Amino acid sequence: MNFAAQLFFSRYLSERLERLFSPRPALKGGEENDPFWEREELRLGPSQPCSSYKCGSMSNGTAGRRPTLIEPDRLKDFGEEELLNGDVKFHQTKVVETPEIRLMDPPKTRRVSEFRIVPRPPAQYLRFEDISAAAFRIQAGIQKTPCTFSRLSKQYGMEIYLKKEHLNYTGSVKERGVLYLLTSLTQEQQRKGVIVATDCNFSMAVAHHGVELKVPVFVIMPSCCSSPRLRIYRDYGAMVISYGSTGLDSQNHARRLAKENSYLYLEEDESAAYLAGLGTVGMEIYEQVSKLDAVIVPAAGQFGLLAGTAAAIKHLNPQILVVGVEPEGFPLLLQSLKTDSPVKNLPSSPNKRLYEDLTERSLGENTFQLTKKLVDKVLSVSEDDSLVAMLRFQEVERSTVDTEGAMGLAAILAGQLPELRGKRVVVVASSANMEPELMRQCVDRALVLDGRVSKFSVQLGEWPGDMAKLLDVLSREDVRLLDVCHRRRSDKSDLFKTKVECVVETRDKTQSVQLRKTLNDRYPSISWLER
């Protein structure tokens, strides 16, 4: 703004303010005040040139003007000038430009090939949510099995708890997986029915829970299947059909019937529903035993039990050690871990009478990956250790389990887990399905392996009282005579000698050692036989 413009603006502003705030002189009598809208001080625009208070000389905008009546401080609000006693003080206004805003450079366009493609993590085959859903679904049909403190704890230097899954209705833990598998079928599949063709714990669970769920169950068994086992399937309510002389014949016939009649052929596999049902064992163990250090799970024919239990335990507490145990005669999981892939054909074969569920079993890819990722240690136990563990269950725990159910305890008895001494350990007793005659033979063999049944032969004279003296020695040693055989020798060198073979049972190994020492001192010709 130049000097002339500033002078004009200040003069005009002063005149308008003086008009607005200066008092008017009183009117003479008879005169009326003008209406307020006709007052000159309210008029807009430039003043009339003949106004009396405007006429006069003017010097630099200040001479010939009345002194203002406005307080100088009130003019500061206008920001352009200050009127002090009629003097105008001018100020220079400096316009400050706003800071320049610099925009960011646009992002550089990139080709699709330049972007790094991050693959999504693969979906878990068995999630903890699936196991929780299975636990909720089967809680009405499966009882919560006890997990009790074992009296063997003091003997082996660790707190042992036994998860007694052999107390299920069919005597096997496989009921959990089978029940959830059957409830997961569609209504159409449940209406048409299912068919099985293997004599194992899995088929028994299908027969029982299938009938409970009103699902038709057909069981195809070979003619070599024992009558007591067939009677069990019939008692459960399944339709039992005998076909073929081998298990392969019955399985082929079952598949043909399933195809012709739209039945669902079931066999133990690694389906997600079956593994989720078996994994509920791990959830119950974690709820029942606090401050748990390790879980020992049998893996023979039940790799799904090991994988499912490990999935539940590791989700709840990754610090808990999970140990899998399988038979020494069929180390399928150990060999698979060594080759880093599931082994399909293992050269060795287990004792089919003791390990029925291992017949024609294989390790699936999904189960193998789960066990490889979640299981901390895998062991193999001998058949003899399993038999001794069965004996411990009967004598100490007053429970009857089969060789598969006793494998977890067998690993402790064999001393293969020294790192667990002083720890809190849960052993899963998975099954108890064994025929009475086979069970009796296993117990007899276990007594021999435990050093409590001994067999010896001794030569006695044919004089009266020699046999009575031997029996008197056995009576004083407080041993039980199980069998005695009296044989006469026919050769001339032993004309007056008789060979006597005895089978005796002692309380424990200590008494057996004492018996051997006593008989060796009294009868130098004695020989101890392996039974």
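Our structure is the block above this text.
This structure is a prediction, so every number in the text was calculated from the model and none was measured. (Residues numbered from 1 in each chain as written. Predicted model: local features only at pLDDT ≥ 70, side-chain atom pairs only at ≥ 80, totals over all residues. Heavy atoms only, no water.)

Right, let's get into the pattern of salt bridges. All chains considered together, the criterion is met by 24 salt bridges. For R452, the salt bridge is made with D450, and the minimal N-O distance between the two is 3.4 Å. Across the pair, exposure class does not vary: R452 and D450 are buried alike. Through salt bridges that share partners, K163, E165, R176 and E284 make up one connected network. (Salt bridge = Lys/Arg side-chain N within 4 Å of Asp/Glu carboxyl O. Buried < 20%, exposed > 50% of the residue type's maximum accessible area, 1.4 Å probe, protein only.)

For helix α2 (residues 128–138), every residue scored as buried is listed here: F128, I131, A134 and I138. Relative to the axis of α2, the buried residues are bounded by an arc of 115° and lie together on one face. Here the buried face of α2 lies against α4 (174–183), α9 (272–288) and α10 (303–316). (Helix = DSSP H or I, 4+ residues; strand = E, 2+ residues; numbered from the N terminus. Arc of directions from axis to C-beta. Contact = heavy atoms within 4.5 Å.)

A word on unusual backbone geometry. Its identity is not glycine, yet K214 carries a phi of approximately 65°, on the positive side. With respect to the helices and strands, K214 occurs in the loop between α6 (201–212) and β6 (217–221). Residue K214 is classed as exposed on the basis of its relative accessible area, which comes to 72%. Phi is positive for S262, close to 60°, though the residue is something other than glycine.

Right, let's get into the sheet that holds strand β13 (residues 453–461). Sheets are built from strands that pair by backbone hydrogen bonding, the pairs being arranged parallel or antiparallel. If you trace the four strands from one edge of the open sheet to the other, you get β14-β15-β13-β16, paired in antiparallel fashion. Among the strands making up the open sheet, the edge pair consists of β14 (480–488) and β16 (527–529). Across the sheet, the axes of successive neighbouring strands diverge by a mean angle of 25°, strand direction being ignored. Of the strands in this sheet, β13, β14 and β15 (497–505) touch helix α16 (residues 466–476), which is tilted by about 150° from β13. (Pairing = 2+ DSSP bridges. Axes fitted to C-alpha atoms, helices over the stretch in contact; angles between N-to-C directions.)

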